[in-house]
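# Results of the structural survey
If you want the building blocks of each chain, they are given just below.
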Amino acid sequence: MRKYINVFISLSILFILCRLLFNFFYKGKAVNYTIQTDGNLFEVNEWYVRKQSNQLNHYYFEVTLEGDTFSFLIGDVFRKKSYIIENIYSFQNDQYSCILPVFSNRKIETDILCYEDSMLYHYRDLKGQSLELDSFADSMEVYGYQVNFSVASTLTRNGMQIQNGNLVSSHILVVPSYKGLYVIDSKNKNIITTLNLFNQDVYTQSIQGLISKYYVVADYNESYTFHKFILIDVESGKRFSITSNPAISMDSYIQGAIGNFMYIIDRSNRRQYKIDVSNKAISISGNTNMGIQYYQNGEYEARSIYDALNQDLYMYPYRLESDVYDFVDLYNGIYYSYLKVDNGYDVYVSFAENPSLYSFGFHLTSIDRVQYVDDYVYYIENDTLSYYHPKYGVIDIATYSEFFYNQNLDFWIYRK
């Protein structure tokens, strides 16, 4: 009897080890299938993508209906399962061709997706333009579709209106105030935490940014030069400081944050500084003699400091050149292609599985205030802070008149 028990235990351990090895090395798979609903035949190509470099685990789909291919992405919500689209509802007229996929367990995981003039849109971008289309969207509510994504709960603090229900629970929103900082966290009882850092209002704060979980800002209690950087742990609210010798001019700007490092150009003293938040230290990383460090396309390169003095030289670790678009940002396997138009930029979205299939993402008047986190893009347009997500389209989360009146007022997002 004891022998059989030992064999059973050994086989169980072997099974667990095999399962662990499978989970470690498994990188997903692709399946193809068809779904027929109300006389329409849908061809579905489904990819489960896991443990790929610079991508989040996700499902990617291409659904074809009468020559239109709808491409979309959802998160890793079904845990390696396949054939997860159970049904597809559709709407077609002379102007639109639309689908709403229904996933396993009758889950709705995307917005209604519609083709208009050969471009793919989220229904929320088209709402109100067609009574027929609006009626179709209303009829989908019985299956769990939310026509109005925004939750009515609104919190107003210090002139900022926040849509509580639209906040992403895993993200912390950081918005500078003129005397310090607002930290907005849906998991926090009060939602908004106000931190005072300065003795008086500072309307232009060009030396500030976020590295990892630390908000970093120059000591604006000083006037023309400063020695101290103030660091705020946005999760705990704890304060730290980093001291620089020599003094740094207020005529400086942040080049970018790479990993645990932030790079700063001091125009007046012709120096580049590197802040290391993990060690709470600052060092001179460049000057007129040694040049500066510049990060681009995944690696550092040496540049003349005059490249960063003659004009502001920012670091965009995810930016690609393009012959068609003004530029393309590749972040977590999603391509965001920026096209200059008369009143700003139109941003088109495609995915690593098939970058040539585009959908319309969102419009920006200015590209100065944009942040990427996970598969979200946060941005400010006029007085409103919104995010774009491939599942939902554009969702507003905060309205603040100072965003409109002060173009220097920025924001950051920290992923917990």
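For the structure itself, look to the data block above.
Below or above, wherever it landed, is the structure these notes cover. In this convention, every chain numbers its residues from 1, walking through the sequence in written order. The predicted origin of the model limits local features to residues at a pLDDT of at least 70 and limits the giving and counting of side-chain atom pairs to 80 or more, whereas totals for whole chains, interfaces and linings rest on all residues. Excluding hydrogens and water, the side-chain figures rest on all heavy atoms present in the structure.

Each pair of aromatic rings taken from Phe, Tyr and Trp, with Trp reduced to its six-membered ring, is defined by centres within 6.5 Å and is described as stacked if the planes are under 30 degrees apart, edge-to-face if over 60, and tilted in the remaining cases. The tally for this structure, following the rule as stated, stands at 39 aromatic pairs. One aromatic cluster is present, formed by Y48, Y59, F61, F72, F78 and F103 through successive ring pairs. Lysine NZ or arginine CZ positioned within 6 Å of the ring centre and within 35 degrees of the ring normal marks a charge as sitting over the ring. A cation over an aromatic ring shows up here: K274 above the ring of F261, its NZ or CZ 4.5 Å from the ring centre. Sitting above the plane of the F327 ring, R319 keeps its charged end 3.8 Å from the centroid.

Next up on the list: the state of the cysteines. Pairs of cysteine sulfur atoms within 2.5 Å are identified as disulfides in what follows. Under the criterion given, the structure shown has one disulfide. Sulfur-sulfur distance for the disulfide between C98 and C114 comes to 2.2 Å. Across the disulfide from C98 to C114, rotation about the S-S bond amounts to roughly 115°, and the bridge is consequently right-handed. Linking C98 in strand β6 (residues 97-103) with C114 in strand β7 (residues 113-116), this pair joins segments that are 16 residues apart in sequence. The same class applies to C98 and to C114, which are both buried. Strands here are runs of E lasting at least two residues and helices are runs of H or I lasting at least four, both read from the DSSP assignment and numbered beginning at the N terminus. Think of it in three bands: residues with accessible area under 20% of the maximum for their type are buried, residues over 50% are exposed, and the middle band is partly exposed, with areas taken using a 1.4 Å probe on protein chains only.

Our focus in this paragraph is empty space enclosed by the protein. Rolled over the atoms, a probe sized like a water molecule indicates the empty space that remains. Method remark: on a 1 Å grid restricted to protein atoms, a set of points is classed as a cavity if a 1.4 Å probe fits but cannot get out and as a pocket if it is open with protein on both sides within 12 Å along at least five of seven lines; lining residues have an atom within 4 Å of a point. Grid points are joined across faces, edges and corners, and a volume is the space filled by probe spheres set on the points. In this structure the tally under the stated criterion is four cavities of 30 Å³ or more. The greatest single-element share of the lining of the largest cavity, amounting to three residues, is contributed by strand β11 (residues 171-176). Note on residue categories: nonpolar means Ala, Val, Leu, Ile, Met, Phe, Trp, Tyr, Cys or Pro, charged means Asp, Glu, Lys or Arg, and polar means any other residue, Gly included. For the lining of the largest cavity, the residue count by class is nine nonpolar, two polar and no charged.

Only one face of strand β10 (residues 160-163) is covered, namely the face carrying M160 and I162; the face carrying Q161 and Q163 is uncovered. By the bridge criterion, four bridges tie strand β9 (residues 154-157) to β10 in an arrangement that is antiparallel. Residue pairing for β10: T156 is matched across the bridge by Q161. Sheet topology places β10 next to strand β32 (residues 393-400); three bridges connect them, and they run antiparallel. Residue Q161 lies in a different strand from β32, and its bridge partner there is T399. Pairs of strands are assigned from DSSP output, requiring at least two bridges between the strands.

What follows covers the side chain of S285. The topology assignment puts S285 in strand β21 (residues 281-287). A relative accessible area of 9% places S285 in the buried class. The residues contacting S285, other than those within four sequence positions of it, are Y263, Q272, Y273, K274, M290, G291, I292 and Q293. Contacts were defined at the residue level, with two residues in contact if any of their heavy atoms lie within 4.5 Å.

Right, let's get into the sheet that holds strand β17 (residues 239-249). If you trace the four strands from one edge of the open sheet to the other, you get β14-β15-β16-β17, paired in antiparallel fashion. Strands at the two margins of the open sheet, each flanked by one partner only, are β14 (208-211) and β17. Averaged over all neighbouring strand pairs, the angle between strand axes comes to 20°, with direction disregarded. Relative to strand β15 (residues 214-218), β14 runs antiparallel, the two sharing four bridges. Among the inter-strand pairings, L210 is bridged to a residue of β15, identified as Y215. Here, axes are lines fitted to C-alpha atoms. For helices the fit covers the stretch in contact, and angles between N-to-C directions go from 0 to 180 degrees.

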